[in-house]
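Fold and contact review
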Amino acid sequence: MKGKENKREKKLINFLLIGIVLFLIIWIGIEEWQEKKMEEKSLKMLYYTQNLSTQAEKKAQEISITEAKSYPKEKIIEEYKGYRVMAKLEIPNIYLNTYVLEEYSKEALNTSVTKFWGADANQKGNFCIAGHNFQNQNMFHSLKKLGIGDSLFVIDHKIGKIEYKVYDIYVVEPEDVSCLSQDTKGKREVTLITCTNDSKKRIIVKGREVE
């Protein structure tokens, strides 16, 4: 009897030992699998973060290169006849050299052309300049002589001197303000506005930066 009981105990012990060994093998395997998964997840996160960082660096470099574009610098006066000067406007084909005043008012318009609406000089957007159709040297009397492709230059205090090309010329009713739109798709534009000879309509000249 004792011999049979000893055999049973040995079998039971062997069974328990095998069970313990199997349990340890499975447990270790699960631990290794979890560690492997965690490592893979960590590597994926690291790759994703590095990829985002690289993309951000590339984007920053592209922006930096774009914004770092240098323009010729030319000093212009700060004030003209008591008015603050925002920029200087040069249109070689009609021999126009004039100062663009910051203030838009009846008195300022009688002195020179002025900023009327939109972005500031040489900023991205639509820089709208208004001027009387007077035969003064610094006014917009000869604007109607311009043609598509003519050059105009805007010189400001910060960015410098930028060349624009005329891409559209048209006449509108005084109530039509569509020319003032700032939807330039991130580009620099200039809009020149003056009256027709009978002052019943407006002449619009649109220029876009030469890339």
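Every value quoted in this text rests on a predicted model; they were computed, and no experiment measured them. (Residues numbered from 1 in each chain as written. Predicted model: local features only at pLDDT ≥ 70, side-chain atom pairs only at ≥ 80, totals over all residues. Heavy atoms only, no water.)

1. As for the pairing of strand S5 (residues 125-130)
- The buried count for S5 comes to 6 of 6 residues, which makes it a mostly enclosed element.
- With 4 bridges connecting them, strand S4 (residues 113-118) and S5 associate as antiparallel partners. Looking at the pairing, Lys115 lines up with Ile129 of S5.
- Sheet topology note: the S5/strand S8 (residues 188-195) ladder contains 6 bridges and is parallel. Residue pairing in the sheet places Asn126 in a bridge with Glu189 of S8. (Buried < 20%, exposed > 50% of the residue type's maximum accessible area, 1.4 Å probe, protein only. Helix = DSSP H or I, 4+ residues; strand = E, 2+ residues; numbered from the N terminus. Pairing = 2+ DSSP bridges.)

2. Let's talk about the pattern of salt bridges
- All told, the structure shown has 10 salt bridges when counted by the stated rule.
- With a shortest N-O distance of 3.3 Å, Glu189 and Arg208 are connected by a salt bridge. Residue Glu189 is found in strand S8, and its partner Arg208 is found in strand S9 (residues 202-209); the two are separated by 19 residues along the sequence.
- A relative accessible area of 7% places Glu189 in the buried class.
- The network of salt bridges with common partners includes Glu74, Lys88, Glu90 and Lys161. (Salt bridge = Lys/Arg side-chain N within 4 Å of Asp/Glu carboxyl O.)

Function cannot be inferred from these measures alone, as they are strictly geometric.
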